[in-house]
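Descriptive structure summary
Each chain is listed here by its residues.
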Amino acid sequence: MQAKLIDGKAVSAALREQLKEEVAALAEDGITPGLAVVIVGDDPASKVYVRNKKKACEELGLHSEEYALPAETTQEELLALVDKLNKKPDIDGILVQLPLPAHLDEKAVIEAISPDKDVDAFSAVNVGKIMIGDYKFLPCTPAGIMELIKSTGIEVKGRECVVVGRSNIVGKPMAMLLLHQHGTVTICHSRTADLPSVTRRADILVVAVGRAKFVTADMVKPGAVVIDVGMNRDENGKLCGDVDFAEVAEVAGAITPVPGGVGPMTITMLMRNTITAAKK
Ligand SMILES: Nc1nc2c(c(=O)[nH]1)N[C@@H](CN(C=O)c1ccc(C(=O)N[C@@H](CCC(=O)O)C(=O)O)cc1)CN2
Ligand SMILES: [Mg+2]
């Protein structure tokens, strides 16, 4: 392997130390940031993420509340809880863990969260603010990726940045954040013609397609920074990303592993957004 490993756990730990100082400073003004996490149903992975969010709040000194609702919760019941949390003064941030059970309307639930408490930055208002560069919160995964890129010391300004994937949660906001940093940005997707010829142009390549080991060494420019957002299972049931790590690490200049790359940043960025929300 010739690429430098971008260690999401280490970057995340360093950021958490800074956040602890911010929380201590807020405490001197009598402010304790509060996060409410809502989970509906019994998805095992979601339960782990929610537990880790609670642990992160404890580690940083944030107030947290967990609302675990049964899988058969109705849309009205969920919206009533969101409405209650919107009005709760000790709650600064609200996160509804996704995915929701199929009978629930995810979009309507996200839009019901007050934009000032939408620490995922998924609502139309917050997405719009990101588009015009006048935002309070950034979505956690793209924000975490920007921190990982920063940690490599490579400047985004003037670089060719290619984002593979156009989801509302990762691909589109990711492209916007790279653009705000003066990158030259291309968004690719399943219908992009001759994808390898586009990805090979990238100085910074962000991959969020949800397909195991989709990006291979021949698709990567030598020396590129490669960020892997994927979380898939390989043929042996082992967690792997959207990038074929073993072969791409021989070509790239820096690369995130899966696990231990982008994932650990997500919850740290959620903590940062909750602290920002508490500052009002
Ligand atoms: N409302 C939201 N729902 C979901 C989000 C989100 O940001 N907001 N993101 C994901 C789940 N998620 C946090 O909620 C999350 C996913 C993965 C990780 C992580 O640290 N992954 C580890 C590997 C974990 C494993 O071994 O399974 C890693 O990549 O190293 C953290 C948070 C969907 N829902
Ligand atoms: Mg408070």
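Residue positions are counted from 1 within each chain, in the order its sequence is given. All chains are assigned letters beginning with A, and all ligands numbers beginning with 1, in the order in which they are written. The model is predicted, so local features are restricted to residues of pLDDT at least 70 and side-chain atom pairs to those at 80 or more, both for listing and for counting; the totals for chains, interfaces and linings are taken over all residues. Water and hydrogen atoms play no part in the side-chain values, which are based on all heavy atoms of the structure.

Points about the nonpolar core
- With 49 residues, the main nonpolar core has Leu35, Ile145, Ile149, Leu178, Val206, Ile227 and Met271 as its most contacted residues.
- Examining the composition of this core, we find that eight residues originate from one element, helix H10 (residues 262-279), more than from any other.
- Each domain's extent is set by a domain assignment, obtained either automatically or from a database. A domain split of this core shows at least three residues from each of domain 1 (30-114) and domain 2 (139-262).
- Those residues in contact with isoleucine 227 that sit more than four places away from it in its chain are Ile6, Ile145, Ile149, Leu205, Val206, Val207, Thr256 and Val262.
- Here, nonpolar core refers to any group of buried Ala, Val, Leu, Ile, Met, Phe, Trp, Tyr and Cys residues whose side-chain atoms link them within 4.5 Å. Each residue gets one of three labels from its accessible area relative to the maximum for its type: buried under 20%, exposed over 50%, partly exposed in between, using a 1.4 Å probe on protein chains only. Counting residues in each nonpolar core, the second largest holds 21 residues, with Val162, Val198, Val243 and Val248 among its members. Strands here mean DSSP runs of E at least two residues long; helices mean DSSP runs of H or I at least four residues long; both are numbered from the N terminus. Contact between two residues is taken to exist if any of their heavy atoms lie within 4.5 Å; hydrogens are not considered.

Some details on the sheet that holds strand S8 (residues 225-228)
- Strands sit in the order S1-S11-S8-S7-S5-S6 across an open sheet of six strands; the sheet is parallel. Strands with a single pairing partner mark the edges of an open sheet, and in this sheet they are strand S1 (4-5) and strand S6 (184-188).
- Both strand S5 (residues 160-164) and strand S7 (residues 204-207) contribute to a ladder of four bridges, which runs parallel. Of the residues in S7, the one forming a bridge with valine 164 is valine 207.
- Each of S5, S6 and S7 is contacted by helix H7 (residues 171-180), which is oriented at about 170° to S5, the strand it contacts most. Strands are treated as partners if at least two bridges between them are detected by DSSP. Angles run from 0 to 180 degrees between N-to-C directions of axes, and those axes are lines fitted to C-alpha atoms, restricted for helices to the stretch in contact.

Structural notes on the side chain of arginine 16
- Within the secondary structure layout, arginine 16 lies in helix H1 (residues 8-28).
- The exposure class assigned to arginine 16 is buried, which follows from its relative accessible area of 13%.
- The residues contacting arginine 16, other than those within four sequence positions of it, are Ala56, Glu59, Leu60, Pro264, Ile267 and Thr268.

Digging into the side chain of threonine 268
- Inspection of the secondary structure puts threonine 268 in helix H10.
- For threonine 268, a relative accessible area of 0% gives the class buried.
- Once residues lying within four places of it in the same chain are set aside, the contact partners of threonine 268 are Ser12, Leu15, Arg16 and Leu19.

A closer look at the UniProt feature "domain: Tetrahydrofolate dehydrogenase/cyclohydrolase catalytic" (unreviewed entry) in the protein chain
- UniProt records the feature "domain: Tetrahydrofolate dehydrogenase/cyclohydrolase catalytic" (unreviewed entry) for residues 6-120 in the present numbering.
- With 50% helix and 16% strand, the stretch residues 6-120 has end C-alpha atoms that lie 24 Å from each other. UniProt positions are given in the numbering used here, feature names are shortened, and annotations may be inferred rather than shown by experiment.

Considerations on the site of ligand 1
- Consider each residue's heavy atoms; a residue with any of them within 4 Å of a molecule or strand counts as near. The environment of ligand 1 is formed by 15 residues, the closest being Lys53, Val96, Leu98, Asp120 and Gly260.
- A 3.5 Å cut-off defines polar contacts: any pair of N or O atoms within that distance qualifies, except that in protein one atom must be a possible hydrogen donor and the other a possible acceptor, and neighbouring residues in sequence count only when both atoms are side-chain atoms. Contact between ligand 1 and valine 96: a nitrogen atom at 2.8 Å from a main-chain N or O atom of the residue.
- Within the side chain of aspartate 120, a nitrogen or oxygen atom sits 2.7 Å from a nitrogen atom of ligand 1.
- Bound to the protein, ligand 1 loses 74% of the 690 Å² it would expose on its own.
- Among the elements that take part in the shell around ligand 1, H10 stands out by supplying three residues, more than any other.
- Residues are grouped as follows: Ala, Val, Leu, Ile, Met, Phe, Trp, Tyr, Cys and Pro are nonpolar; Asp, Glu, Lys and Arg are charged; all remaining types, including Gly, are polar. Of the residues that constitute the shell around ligand 1, the class distribution is nine nonpolar, four polar and two charged.
- Of the domains in this structure, domain 1 (30-114) and domain 2 (139-262) are the two that each give at least three residues to the shell around ligand 1. The accessible surface values rely on the Shrake-Rupley method and a 1.4 Å probe; as for residues, cover is taken only from the protein chains in view.

Some details on helix H3 (residues 75-87)
- An ideal rise of 1.5 Å per residue puts 18 Å on 13 residues; H3 measures up with 19 Å between its terminal C-alpha atoms.
- Those residues of H3 that sit buried are Gln75, Leu78, Leu81, Val82 and Leu85. Projected onto a plane normal to the axis of H3, the buried residues spread over an arc of 130° and lie on a single side. Opposite the buried face of H3, at more than 90 degrees from it, the exposed residues are Glu76 and Lys87.
- Buried-residue contacts for H3 involve strand S2 (34-40), strand S3 (63-69), strand S4 (93-96) and helix H4 (106-112). Expected helix span is given by 1.5 Å per residue-to-residue step, counting one fewer step than there are residues. For this quantity, the arc is that covered by the directions from the helix axis to the C-beta atoms.

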